[in-house]
Amino acid sequence: MKVTDLPQEARTKCEVWTRVMGYHRPVSEFNPGKQSEHNERVHFVESKLPDLDNVGCCGR
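Summary of the structure given here. Numbering of residues begins from 1 in every chain and follows the order in which that chain's sequence is written. Since the coordinates come from a predicted model, pLDDT governs what is reported: local features require at least 70, and pairs of side-chain atoms require 80 or more to be given and counted, while whole-chain, interface and lining totals use all residues. Excluding hydrogens and water, the side-chain figures rest on all heavy atoms present in the structure.

Any two strands with at least two DSSP bridges between them are considered paired. In this description a helix means any DSSP run of H or I spanning at least four residues, a strand means any run of E spanning at least two, and both kinds are numbered starting from the N terminus. Note that strand β1 (residues 17-20) and strand β2 (residues 23-26) share 4 bridges and pair antiparallel. Bridge pairing in β2 places Thr18 opposite Arg25.

Here is the structure:
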């Protein structure tokens, strides 16, 4: 069964928390402007570093 096949009555709400001004708080308690700002955030995604042993340096 795929997640998209899950019946609506079997779903549960997922509460999202985020760190604001040094403490954690649920996004659902934000005012509408802060919720909009949170939805526009770009999240950092760590990428794998290249294998430096196989990268040429300084024309060698």
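Tracing the backbone shows Trp17 in strand β1. For Trp17, a relative accessible area of 48% translates into the label partly exposed. Separated by 11 residues in the primary sequence, Trp17 and Ser28 have C-alpha atoms spaced 8.3 Å apart. Beyond its immediate chain neighbours, meaning those up to four positions away, Trp17 contacts His24, Arg25, Pro26 and Val27. Relative accessible area decides the class of each residue, using a 1.4 Å probe on protein chains only: under 20% of the type maximum gives buried, over 50% gives exposed, and in between gives partly exposed. Contacts: residue pairs with any heavy atoms within 4.5 Å of one another.

What follows deals with the side chain of His38. Mapping His38 onto the fold places it in helix α1 (residues 32-40). In contact with His38, not counting residues within four places along its chain, are Val16, Thr18, Val27 and Phe30.

Our focus in this paragraph is the pattern of salt bridges. Just to be clear on terms, a salt bridge is a Lys or Arg side-chain nitrogen sitting within 4 Å of an Asp or Glu carboxyl oxygen. For the structure shown, the criterion picks out 1 salt bridge. Among the salt bridges present, the one from Glu37 reaches Lys34, with a minimum N-O distance of 3.6 Å. In this pair, Glu37 and Lys34 are both assigned in helix α1, 3 residues apart and thus about one turn of the helix distant.

Time to look at the environment of Thr18. Along the polypeptide, Thr18 turns up in strand β1. In this structure, the C-alpha to C-alpha distance between Thr18 and His38, residues 20 residues apart in sequence, is 8.9 Å. Beyond its immediate sequence surroundings of up to four residues, Thr18 is in contact with Tyr23, His24, Arg25, Val27, Phe30, His38 and Arg41. In terms of polar contacts, Thr18 uses its side chain to reach the side chain of Arg41, at 3.3 Å. In protein, a polar contact means a hydrogen-donor-capable atom and an acceptor-capable atom, both N or O and within 3.5 Å, with residues adjacent in sequence counting only if both atoms are side-chain atoms; elsewhere, any N or O pair within 3.5 Å suffices.

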